[in-house]
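Chains, contacts and geometry: an overview
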Amino acid sequence: MKKQYWLMKSEPDVYSYDDLVAEGEGMWDGVRNHTAAIHLRSMKVGDEAFFYHSNIGLEIVGIITISQEHFIDPTDEKGRFVAVKVKPVRKIANSVTLKAIKANPKLAAMELIRQSRLSVAPVRPEEWKEILKMAGE
């Protein structure tokens, strides 16, 4: 199975990329949107995701990897939603802002733009490469 790529949003004042680095491994929980939950269920160990700081910063700041596939989210009292575990891979050379992503015609179809409120979204391989290029990697 081919590696899949994702974008996962977190408010940096609640849980930042640096918080994940300090922990070494974190649980991506609290997702209550059904579409985002479907994406969590589709993730496999070894898939990679951009860590996106939402609300404050509005930028991709790092890369993370899925370290444990979905399990029942312990923060969901009804047991309907799932969580995954993630580990940091690295900070990207230069953060890539939402403004820069929106200005790039190669990224016009990106889920981040099409469904801006989605906290977990797929990233196409060509979008992944373009964002890394924008980051100076």
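Data block above holds the structure.
Here is what the cut-offs are and how they apply
- Residues numbered from 1 in each chain as written.
- Predicted model: local features only at pLDDT ≥ 70, side-chain atom pairs only at ≥ 80, totals over all residues.
- Heavy atoms only, no water.
- Buried < 20%, exposed > 50% of the residue type's maximum accessible area, 1.4 Å probe, protein only.
- Helix = DSSP H or I, 4+ residues; strand = E, 2+ residues; numbered from the N terminus.
- Pairing = 2+ DSSP bridges.
- Contact = heavy atoms within 4.5 Å.
- Axes fitted to C-alpha atoms, helices over the stretch in contact; angles between N-to-C directions.

Where burial is concerned, most of strand E1 (residues 5-10) is hidden: 6 out of the 6 residues are buried. Residues Tyr-5, Leu-7 and Lys-9 point to one face of E1 and Trp-6, Met-8 and Ser-10 to the other, with burial holding for every one of them. Two strands pair when backbone bridges link them, and E1 and strand E3 (residues 48-53) are joined in this way by 6 bridges, in the parallel orientation. Considered in E3, the bridge of Tyr-5 is made with Glu-48. Here E1 pairs with strand E6 (residues 120-123) via 4 bridges, running antiparallel. The residue of E6 that forms the bridge with Trp-6 is Pro-122.

It is worth spelling out helix H5 (residues 125-134) at this point. Along H5, the positions that sit buried rather than exposed are Glu-127, Trp-128, Glu-130, Ile-131 and Leu-132. Buried residues along H5 sit against E1, E3, strand E4 (59-72), strand E5 (82-97), helix H3 (98-103) and E6.

Our focus in this paragraph is the sheet that holds E5. In space, the 6 strands of this open sheet follow the order E2-E5-E4-E3-E1-E6, with mixed pairing throughout. Strand pairing shows two members of the sheet lacking a second neighbour, strand E2 (26-28) and E6, which therefore form its edges. Shown here is a sheet whose adjacent strand axes are inclined to one another by a mean of 40 degrees, direction ignored. Bridge analysis of E2 against E5 gives 3 bridges, and the strand direction is antiparallel. Counted as the bridge partner of Trp-28 is Val-84 from E5. Sitting on the sheet, helix H2 (residues 34-42) touches E1, E4, E5 and E6, and the angle it makes with E6 is about 55 degrees. Taken strand by strand, H5 contacts E1, E3, E4, E5 and E6, and its axis lies near 55 degrees from that of E3.

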